[in-house]
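# Understanding the architecture of this molecule
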Amino acid sequence: MQNILQVLLGVKQQTQVQTSSYLNLRTTRGEQCGSGSGSGGGGGGGGSSVRGGREARRMRLSWTMAPSGSRSIKTGCQRVLYWIPVLFIALIVAWSYYAYVLQLCIVSIEDTGEKVIYLLVYHVIFIMFVWAYWQTIFTRPMNPLKEWTCLEHLALILTTALRLCRFHLSYSDKELLEREDRGESQQEILRRIAKDLPIYTRTNSGAIRFCDRCQLLKPDRCHHCSVCDKCILKMDHHCPWVNNCVGFSNYKFFMLFLAYSLLYCLFITATDLQYFIKFWMNSLPDTQAKFHILFLFFSASMFSVSLASLFTYHCWLVCKNRSTLEAVRSPVFRHGIDKNGFSLGCSKNFRQVFGDELKYWPIPVFSGLFDSSKALVTCNFKSRVKDKQVKDFRLCLKNHNLGDGCSFPACLVNLDPEQPSSPPGSNPASK
């Protein structure tokens, strides 16, 4: 274990040195381009556009590396504002707890047995709801790693970290890409780099999906979030109500959050209904509790309707193995657009999010990645494969998980004829 830590620390230091050298190189080249454009005066349109692009990249780099005081204040204010929806939900939940437990159960309900049952069931649902909401908010979304920073969880994330780091460009690749001015030449470089990676999706024009902001080749189903300012693995959407990106690492928590919040609202609505009717019949004592009962019923009912529609929609997405982004715009493979490109059937699609072990499905703990005692194997087979490949594919799905965040099994339909076959456990090459 100590040897592994020493190796990782060495790689981390080397990555930092290479990144620093690359940033200095880009800044120096930008200054040279800026001085050249100032003295050249009458250059051609193509040359000026190239110099302008490099100058823009240099200015963006300096903006990122050395933020001004006004930019820091603006960023801080934005971060505070992003927490307002979360604070709003927290206040509503806190009031609902006060209104239900104190005003309804303790003050208004006279039957002791009914009161105890309501309180026990309510607190079980409440704890699971808050737990799932907490996990959705504070679970950091996974992104293609550039270096290792979480050595205390090394035994669990080592395999994933080694895979994710490959999507970032090396120092030499960045330098080579920086020299090229033509888009076709840059695409050739990116295709050469991507040939050893499990990347099968493309842009609408058929190009390699590359994030200029993060300087990485985007894994399948990975998208850049403008709010988080980083690429998120299997990004579904950025949710303002949790102030976090919903993606590969917390999608199960988000689904459980929707399920338990819906159950929470339905339980309050059902148990508060008879006392809501008594309120309209003037059968309740004339205390402040009756107003809490009234607003509790209305708020729980309204939230139930919205949560039911949202939860139903995401259940449909899970059964189809699509993210919200993929439902809006279907993924593009080399053979063309395929809205069902990642669907493996309802059962396998569900297990890809919730994991293979049924006992962990209702609990807000991560169960969709891999066990540290298992090897992490990625399946990347397209359709119209031979019988042996189908058997290998199904065997791999049976013995291992259905996706590791940076790559996912493809469905057995709409085959890419150019995709070479490979045995389970190895990554087929993309041409």
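Predicted model only: the values in this text are computed from it and were never measured. (Residues numbered from 1 in each chain as written. Predicted model: local features only at pLDDT ≥ 70, side-chain atom pairs only at ≥ 80, totals over all residues. Heavy atoms only, no water.)

### Quick look at the overall build of the chain
Going by this rule: What counts as a helix is a DSSP run of H or I of at least four residues, what counts as a strand is a run of E of at least two, and both are numbered from the N terminus. The classification of residues rests on relative accessible area computed with a 1.4 Å probe and restricted to protein chains. Under 20% of the type maximum is buried, over 50% is exposed, and intermediate values are partly exposed. Whether two residues are in contact is decided by their heavy atoms, any of which lying within 4.5 Å being enough.
On a plain count of helices and strands, the chain comes out with 13 helices and nine strands. Out of the 431 residues in the chain, the part that is buried amounts to 44%. Excluding contacts between residues fewer than 6 apart, the proportion of contacts in the chain whose partners are at least 24 apart in sequence is 67%.

### Observations concerning the layout of surface pockets
By rolling a water-sized probe across the atoms, one finds the places where empty space is left. How we decide: Here a cavity denotes grid points, spaced 1 Å and computed from the protein atoms alone, that fit a 1.4 Å probe unable to get out, and a pocket denotes an open set having protein on both sides within 12 Å along at least 5 of 7 lines; residues with an atom within 4 Å of a point are the lining. Grid points are joined across faces, edges and corners, and a volume is the space filled by probe spheres set on the points. Following the grouping adopted for this structure description, the nonpolar residues are Ala, Val, Leu, Ile, Met, Phe, Trp, Tyr, Cys and Pro, the charged ones are Asp, Glu, Lys and Arg, and the polar ones are all others, Gly among them.
Counted as a void, the second largest pocket has a volume near 500 Å³. Taken together, 25 residues make up the lining of the second largest pocket; nearest its centre are Ile89, Phe257, Ser261, Phe303 and Leu307. Secondary structure elements with two or more residues in the lining of the second largest pocket: α4 (84-108), β6 (237-239), α9 (251-280) and α10 (289-320). Residue composition of the lining of the second largest pocket, grouped by class: 20 nonpolar, five polar and no charged.

### Points about the side chain of lysine 252
What counts, and what does not: We score Asp and Glu as negative and Lys and Arg as positive, and we do not count His or the chain ends. Each salt bridge in this description consists of a side-chain nitrogen of Lys or Arg and a carboxyl oxygen of Asp or Glu lying within 4 Å of one another.
Tracing the chain through its elements places lysine 252 in helix α9. Although lysine 252 is buried, it makes no salt bridge; glutamate 357 carries the closest opposite charge, 10 Å away. Each residue touching lysine 252, except ones within four places of it in the same chain, is listed here: Val353, Phe354, Tyr360, Trp361, Ile363, Val365 and Ser367.

### A closer look at the packing of helix α7 (residues 171-179) against helix α8 (residues 183-194)
Packed helices, taken two at a time, are described by their axes: the angle between them and the distance between them. For clarity, the cut-off: With axes taken as lines fitted to C-alpha atoms, and helix axes fitted only over the stretch in contact, angles between N-to-C directions fall between 0 and 180 degrees. The cut-offs work like this: below 35 degrees is roughly parallel, past 145 is roughly antiparallel, 65 to 115 is roughly perpendicular, and the gaps in between are oblique. Crossings are sorted by hand: turned counterclockwise from the far helix by less than a right angle, the near helix makes the crossing left-handed, and turned clockwise it makes it right-handed.
Two elements in contact, α7 and α8, have axes separated by 9 Å at closest approach and are oriented at 160 degrees. Of the possible angle classes, the one that applies to α7 and α8 is roughly antiparallel. The chirality of how α7 crosses α8 is right-handed. Of the residues in α8, those touching α7 at Asp173, Leu176 and Leu177 are Gln186, Ile189, Leu190, Arg192 and Ile193.

### A word on the UniProt feature "transmembrane region" (unreviewed entry) in the chain
Convention followed: UniProt positions are given in the numbering used here, feature names are shortened, and annotations may be inferred rather than shown by experiment.
With numbering aligned to this structure, UniProt lists the feature "transmembrane region" (unreviewed entry) at residues 80-100, 116-134, 253-271 and 291-313. This span, residues 116-134, is 100% helix and 0% strand, and a straight line between its end C-alpha atoms measures 27 Å. A distance of 26 Å separates the end C-alpha atoms of residues 253-271, which is 100% helix and 0% strand.

### Focus on helix α12 (residues 346-354)
When α12 is considered as a whole, its buried residues turn out to be Asn349, Gln352, Val353 and Phe354. Turning to α12, the residues buried within the fold contact α9 and α10. Following α12 by one or two positions, glycine 355 has its phi on the positive side, about 90 degrees.

### A closer look at empty space enclosed by the protein
Overall, the coordinates contain five cavities of 30 Å³ or more when judged by the stated rule. Estimated volume of the largest cavity: approximately 80 Å³. Lining the largest cavity are 13 residues, and of these Lys234, Tyr251, Arg322, Ser323 and Val353 sit closest to its centre. Elements with a contribution of two residues or more to the lining of the largest cavity: α10 and α12. For the lining of the largest cavity, the per-class residue count stands at five nonpolar, four polar and four charged.

### With respect to α10
The condition is simple: Expected helix span is given by 1.5 Å per residue-to-residue step, counting one fewer step than there are residues.
For α10, built from 32 residues, the straight-helix expectation of 46 Å at 1.5 Å per residue is met to within 8% by its first-to-last C-alpha distance of 46 Å. Phi for asparagine 321, located one or two positions after α10, is positive at around 55 degrees.

### As for the state of the cysteines
Cysteine pairs can be covalently joined through their sulfur atoms, and such a bond is termed a disulfide. Applied cut-off: For this text, the term disulfide refers to a pair of cysteine sulfurs within 2.5 Å.
Going through the model one piece at a time under the given rule, you end up with zero disulfides. Here cysteine 228 stays unpaired: no disulfide links it, and the sulfur of cysteine 245, its closest cysteine neighbor, is 3.6 Å away. In this structure cysteine 228 comes out as partly exposed when scored by relative accessible area, which is 26%. Among the cysteines around cysteine 231, which has no disulfide bond, cysteine 211 carries the closest sulfur, lying 3.5 Å off. Owing to a relative accessible area of 1%, cysteine 231 belongs among the buried residues under this scheme.

### Points about unusual backbone geometry
The general pattern is negative phi for most residues beyond glycine and trans for most peptide bonds. At arginine 221, a residue that is not glycine, the phi angle is positive and equals roughly 70 degrees. Judged by its relative accessible area of 3%, arginine 221 falls in the buried class. Phi is positive for lysine 234, which is not a glycine, with a value near 45 degrees. Following the sequence through the fold, lysine 234 ends up in the loop between β5 (230-232) and β6.

### Side note on the packing of aromatic side chains
Any two aromatic rings considered together are summarised by their centre-to-centre distance and by the angle between their planes. The following threshold applies: Stacked, tilted and edge-to-face are the three classes assigned to paired rings of Phe, Tyr and Trp, where Trp is represented by its six-membered ring and a pair needs centres within 6.5 Å; plane angles under 30 degrees give stacked, over 60 edge-to-face, the rest tilted.
Overall, the coordinates contain 29 aromatic pairs when judged by the stated rule. Between phenylalanine 126 and tyrosine 264, the aromatic rings sit 6.1 Å apart at their centres with planes inclined by 45 degrees, giving tilted as the arrangement. In this pair, phenylalanine 126 is assigned in helix α5 (residues 112-138) and tyrosine 264 in helix α9, connecting sequence segments 138 residues apart.

### With respect to the sheet that holds strand β9 (residues 336-337)
As a general point, the strands of a sheet are linked pairwise by backbone hydrogen bonds and lie either parallel or antiparallel. The criterion, for reference: Here, a strand pair is defined by DSSP locating no fewer than two bridges between the strands.
In spatial order, the strands read β1-β8-β9; together these three strands make up an open sheet with antiparallel pairing. If you trace the sheet from one side to the other, it starts and ends with β1 (201-202) and β9, each paired once.

### Things to note about the confidence of the model for the chain
Atom-level detail of predicted coordinates should not be read off regions where pLDDT is low. The criterion, for reference: Residue-level confidence of the predictor is summarised by pLDDT, bounded by 0 at the bottom and 100 at the top.
Residues of the chain with pLDDT of at least 70 account for 64%, and the chain-wide mean is 74. This model gives residues 25-56 a pLDDT under 50, and the stretch forms 23 contacts once residues within four places in sequence are excluded.

### Details of the environment of leucine 104
Structurally, leucine 104 can be placed in helix α4. Sequence-wise, leucine 104 and alanine 289 are 185 residues apart; in three dimensions their C-alpha atoms are separated by 6.8 Å. Once residues within four sequence positions are removed from consideration, leucine 104 is found in contact with Ala99, Ile109, Asp272, Tyr275 and Ile293.

### A word on the pattern of salt bridges
Inspection of every chain in the model, using the stated rule, returns seven salt bridges. The salt bridge partner of arginine 192 is aspartate 173, with a shortest N-O separation of 3.3 Å. Placement of arginine 192 in helix α8 and of aspartate 173 in helix α7 is noted, with a sequence separation of 19 residues between them. Note on aspartate 173: relative accessible area 14%, which makes it buried. Measuring nitrogen to oxygen at the nearest pair gives 2.8 Å for the salt bridge that ties arginine 221 to glutamate 326. Remark: glutamate 326 occurs in helix α11 (residues 324-328) and arginine 221 occurs in the loop between β3 (216-217) and β4 (223-225); sequence separation between them is 105 residues.

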